[in-house]
Amino acid sequence: MKVAAVVSTKGGPGKTTVGANLGAFCADAGVRTLLIDLDNQPSLSSFYNLSHEAPGGTYQLITSNETRPDQIISQTIIPNLSLIKSNDPFNLLSNLLLHAADGRLRLKNLMPAFAQDFDLILIDTQGARSIVLEMALLGSQVAISPITPDMLTAREFQRGMLQLYRDLEPLAALGAVTPVLNIVINKLDATNDANLIYHTLTETFSDHPKIQMVETTIPAAVSFRRAATEGIPAHRLSEPSSQDGQEPRYPRCEDPPMRHGAFRNEDLHDGVNSSRLVLANGVRDVLLHGHSSERAAEHPTTRCGHGEPAILHTPRGIEKPR
Ligand SMILES: Nc1ncnc2c1ncn2[C@@H]1O[C@H](COP(=O)(O)OP(=O)(O)O)[C@@H](O)[C@H]1O
Ligand SMILES: [Mg+2]
């Protein structure tokens, strides 16, 4: 099992969008995926409709160490995609964690309880520095950080992240090691000097052992907004977004990025930096250009990895429960 946190010290760069789409894409590729919504403004929790809603959520998980699936794990309408919903509207978790001896380590200690049932856990977080964010980072083996391409944001990001990583370093003595942070430029449009920002950030973090840039960018694309509105992942939308000026590509297991490890279950089990691969290849080739289509439908049972069926297209007319 691999645990990945989507983090940023800012609101709005696209954490929930990346988490929701990446999670659903992996689920559709046969990876048993659990989303954990640790943002007390629960937008990930309502991104996809639920076919089953558990009574509890992150509040019970964190305050009572509740890990029983029937108590906290909800099922989204997307096969293989489960959710621990956020149910902490008053942000009580922060206070509790600040006063708990194991505060920042609590999530890390709970993760093994899910190893039997899931291959991938994706944690969405608040867009501000908080103990909850620190706990999410320390509970993860890899972190993904979307950033919008403007220089002011980039500078603030640099200050915030470097400080955060410095502050968490001492906890390594307790076995809580900060994960490698993969920065991905999101919402790129024609007006951005992405190149400059990309290179500035790459240079800034070049000496940092834990922070690196993903060699891909996510364009500002209508399909992400449409996906959020319709409650389905972007790769299941059947039409290319209006801003993709290229031939649309469709997620297919036999495509080279997948063959080279992006979505194979075995990568999620071994120590390969697989979530980075998932992100680099998956975000680039699927979140960016991938749309379900007749082409994907020709291969509805294409197999990935350990022979898990990859449902890479949307069954027509997916019904949303009301
Ligand atoms: N690549 C993208 N293209 C277009 N819109 C995007 C993209 N990524 C995110 N958005 C939009 O930006 C807004 C903020 O995204 P969200 O994922 O909620 O950010 P965060 O979780 O970091 O606060 C949402 O309206 C979302 O639809
Ligand atoms: Mg969010």
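Undergrad: What exactly am I supposed to notice about the overall build of the protein here?
TA: Each helix and strand in the protein was counted, giving 13 helices and 11 strands. The proportion of buried residues among the 322 residues of the protein is 49%. Of the contacts formed within the protein by residues at least 6 apart in sequence, a portion of 77% connects residues at least 24 apart.

Undergrad: What is the right way to look at the nonpolar core in this model?
TA: Across soluble globular proteins, you tend to see nonpolar side chains buried next to one another. Of all hydrophobic cores here, the largest spans 63 residues; its most connected members are Ala5, Ile121, Leu122, Ile123, Ala136 and Ile183. The greatest single-element share of this core, amounting to 7 residues, is contributed by helix H1 (residues 15-28). Counting 6 residues, the second largest nonpolar core, distinct from the first, contains Ala221, Phe224, Ala227 and Ile232.

Undergrad: How should the pairing of strand S8 (residues 180-188) be read in this particular structure?
TA: Both faces of the sheet carry side chains from a regular strand, because those side chains alternate between them. Most of S8 sits out of view: 7 of its 9 residues are buried. Relative to S8, strand S7 (residues 142-147) runs parallel, the two sharing 6 bridges. Within S8, the position partnered with isoleucine 147 by the bridge is isoleucine 185. Crossover connection from S7 via helix H7 (residues 151-168) to parallel S8: handedness right-handed. Pairing geometry for S8 and strand S9 (residues 211-219), over 6 bridges, is parallel.

Undergrad: What's the story with H7 in this structure? I'm lost.
TA: Because each turn of an α-helix spans 3.6 residues, side chains separated by three or four positions end up pointing in the same direction. Counted at 1.5 Å a residue, the expected span for H7 with its 18 residues is 26 Å, and the 26 Å between its end C-alpha atoms agrees. Buried residues of H7: Ala154, Phe157 and Met161, and no others. Considered in projection along H7, the buried side chains sweep an arc of 60° and stay on one side of the axis. In this structure, H7 carries Leu152, Arg159, Gln163, Arg166 and Asp167 as exposed residues pointing more than 90 degrees from its buried face.

Undergrad: Looking at this structure, how should I read the packing of helix H4 (residues 92-99) against helix H6 (residues 131-138)?
TA: For any two helices packed against each other, the geometry is given by the interaxial angle and the distance between the axes. At a minimum axis distance of 9 Å, the contact between H4 and H6 shows a crossing angle of 70°. Comparing their axes, H6 and H4 come out roughly perpendicular. Across from Leu93, Ser94, Leu97 and Leu98 in H4, the residues of H6 making contact are Ile131, Val132 and Met135. In terms of residue class, the contact of H4 with H6 is built from 6 nonpolar, 1 polar and no charged.

Rules used in this analysis
- Residues numbered from 1 in each chain as written.
- Chains lettered and ligands numbered in written order.
- Predicted model: local features only at pLDDT ≥ 70, side-chain atom pairs only at ≥ 80, totals over all residues.
- Helix = DSSP H or I, 4+ residues; strand = E, 2+ residues; numbered from the N terminus.
- Buried ≥ 20, exposed ≤ 12 C-beta atoms within 10 Å, placed from the backbone.
- Contact = placed C-beta atoms within 7 Å.
- Core = buried A, V, L, I, M, F, W, Y, C linked by C-beta atoms within 7 Å.
- Pairing = 2+ DSSP bridges.
- Right-handed = clockwise from strand over helix to strand, strands pointing away.
- Expected span 1.5 Å × (residues − 1).
- Arc of directions from axis to C-beta.
- Axes fitted to C-alpha atoms, helices over the stretch in contact; angles between N-to-C directions.
- Parallel < 35°, antiparallel > 145°, perpendicular 65-115°, else oblique.
- Nonpolar A, V, L, I, M, F, W, Y, C, P; charged D, E, K, R; others polar.

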